[in-house]
Amino acid sequence: MAAYLQALACAMLLLAVSPLACTASKTLLQDRCESYAGGDRSSYDYCVWTLRRDNKSATADELGLAVIAARMARATAKATGVKIAWLRANETVPVRRDCLAACAREYAAAVRRLGHAASAARAGKLQHAQTLLAEATGTPALCDAAFAAARQDTPLADADLGLDDQIELAIAILPAPRPSLPART
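Rules of the game
Residues numbered from 1 in each chain as written. Predicted model: local features only at pLDDT ≥ 70, side-chain atom pairs only at ≥ 80, totals over all residues. Heavy atoms only, no water. Buried < 20%, exposed > 50% of the residue type's maximum accessible area, 1.4 Å probe, protein only. Helix = DSSP H or I, 4+ residues; strand = E, 2+ residues; numbered from the N terminus. Arc of directions from axis to C-beta. Core = buried A, V, L, I, M, F, W, Y, C linked by side-chain atoms within 4.5 Å. Contact = heavy atoms within 4.5 Å. Salt bridge = Lys/Arg side-chain N within 4 Å of Asp/Glu carboxyl O. Expected span 1.5 Å × (residues − 1). Phe/Tyr/Trp six-rings, centres within 6.5 Å; stacked < 30°, edge-to-face > 60°. Lys NZ or Arg CZ within 6 Å of the ring centre and 35° of its normal. Axes fitted to C-alpha atoms, helices over the stretch in contact; angles between N-to-C directions. Parallel < 35°, antiparallel > 145°, perpendicular 65-115°, else oblique. Left-handed = near helix turned anticlockwise from the far one by under 90°. Nonpolar A, V, L, I, M, F, W, Y, C, P; charged D, E, K, R; others polar.

**Student:** Got a sec to walk through helix α7 (residues 139-149)? Specific residues and values, please.
**Tutor:** Because an α-helix packs 3.6 residues into every turn, residues spaced three or four apart end up facing the same way. Within α7, burial applies to T139, P140, C143, A146 and F147. Looking straight down α7, one finds that the buried residues subtend no more than 120° of arc, so they occupy a single side. For α7, exposure combined with an orientation more than 90 degrees from the buried face picks out A148 and A149. Backbone geometry just after α7 places R151 at a positive phi near 55°.

Shown next, in the form of C-alpha cells:
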C-alpha cells in the first residue's frame, strides 16, 4: 500500500509540474504565433514557418519578430517588383505595359513603406511602423485593380500571393503602441 501511495504522489507531482514545464519551455515565437493564430492551426504553422526562416527569430524579442516579419514582407514586395520589371521589358501591348507601370509604382511604394516600417519598429516608433504597414497592405489588390480597369488579365496572380499575409503577420506581432502621456503644464 505504501508503494502505491508513493507512486500516486509521484504521479500527482508530475501532473502538477508538467504544465508548468511545458509553459516554461514555450518560446516567444511560439507564444506570438499562438496569439496571431487565435487557435487556427494553419495560421500558427504559417507564422512559425515564416518567422523561423530567419535564424535571428530564435533569439528575437517581440519587437525583433515584428521587424523580421516586416523585412520578409519587404523582400516579397521587392521580388514582385523585379518580376514586374521583367514583364514590362518584355510586354508588347501598350495597355498591359501601362498596367505593369502602375503595378511597378505600387510595389516600389510598398518596398519603401515596408523598409521604413522595419526601421521605425526597430527604433521603437510603433505607431509609425503600424501606419506604414497598414499603408502597404492592399498593394496586390491595387495592382490587380489596374489590370481589371483595363479589362486585362493580371500576369501577377501567383506573384501577389503572400504579401498581404506577411504584412498582416507583421502588424499582429508588432507590440501595441503605448499611449503617450499628456504633456505637463
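**Student:** Describe the nonpolar core, and please don't skip the residues or the numbers.
**Tutor:** Among the nonpolar cores identified, the biggest contains 45 residues, and L51, L114 and L133 are the most heavily contacted of them. Sorting the residues of this core by element identifies α2 (28-37), α3 (41-52), α4 (62-90), α5 (94-122), α6 (126-136), α7 and α9 (163-173) as the ones contributing at least two each. The residues contacting L114, other than those within four sequence positions of it, are A70, A73, R74, A77, L133, A136, L163 and I167.

**Student:** Outline the environment of A145, listing residues and values.
**Tutor:** Within the fold, A145 resides in helix α7. Judged by relative accessible area, A145 falls into the partly exposed class, the value being 40%. Through-space distance from the C-alpha of A145 to that of C99 is 9.0 Å; in sequence the pair is 46 residues apart.

**Student:** Could you give me a rundown of the pattern of salt bridges, with the residues and numbers involved?
**Tutor:** Taken as a whole, this structure holds five salt bridges when the rule is applied. D54 is the partner of R71 in a salt bridge, and the nearest nitrogen-oxygen pair spans 2.7 Å. With a gap of 17 residues between them, R71 in helix α4 and D54 in the loop between α3 and α4 connect regions that are remote in the sequence. D54 gets classed as buried once you look at its relative accessible area, which sits at 14%.

**Student:** Break down α3 for me, with residues and values.
**Tutor:** In this model, α3 (twelve residues) spans 16 Å end to end at C-alpha, consistent with the 16 Å of a helix rising 1.5 Å per residue. Taken residue by residue, α3 has Y44, C47, V48, T50 and L51 as its buried positions. Buried positions in α3, seen along its axis, are confined to an arc of 165° and lie on one side of it. Along α3, exposed side chains directed more than 90 degrees from the buried face belong to R41 and W49. Structurally, α3 contributes buried residues whose contacts are with α2, α4 and α9.

**Student:** Hey, could you go over the packing of aromatic side chains for me, with residue numbers and the actual values?
**Tutor:** The final tally for this structure, using the stated rule, is zero aromatic pairs. If you follow R53 out to its NZ or CZ, it ends over the ring of W49, 4.5 Å from the centre.

**Student:** An account of the packing of α5 against α7 is needed here, citing residue identities and associated values.
**Tutor:** With their axes 9 Å apart at the nearest point, α5 and α7 run at an angle of 165° to one another. Comparing the axis directions of α5 and α7 gives the class roughly antiparallel. As for how α5 packs across α7, the hand of that crossing is right-handed. Between α5 and α7, the contacting residues are R96, C99, L100, A102, C103, E106, Y107 and A110 on the first element and T139, P140, L142, C143, A146 and F147 on the second. When grouped by side-chain class, the residues that make up the contact of α5 with α7 number eleven nonpolar, one polar and two charged.

These figures come from the coordinates and say nothing about function on their own.
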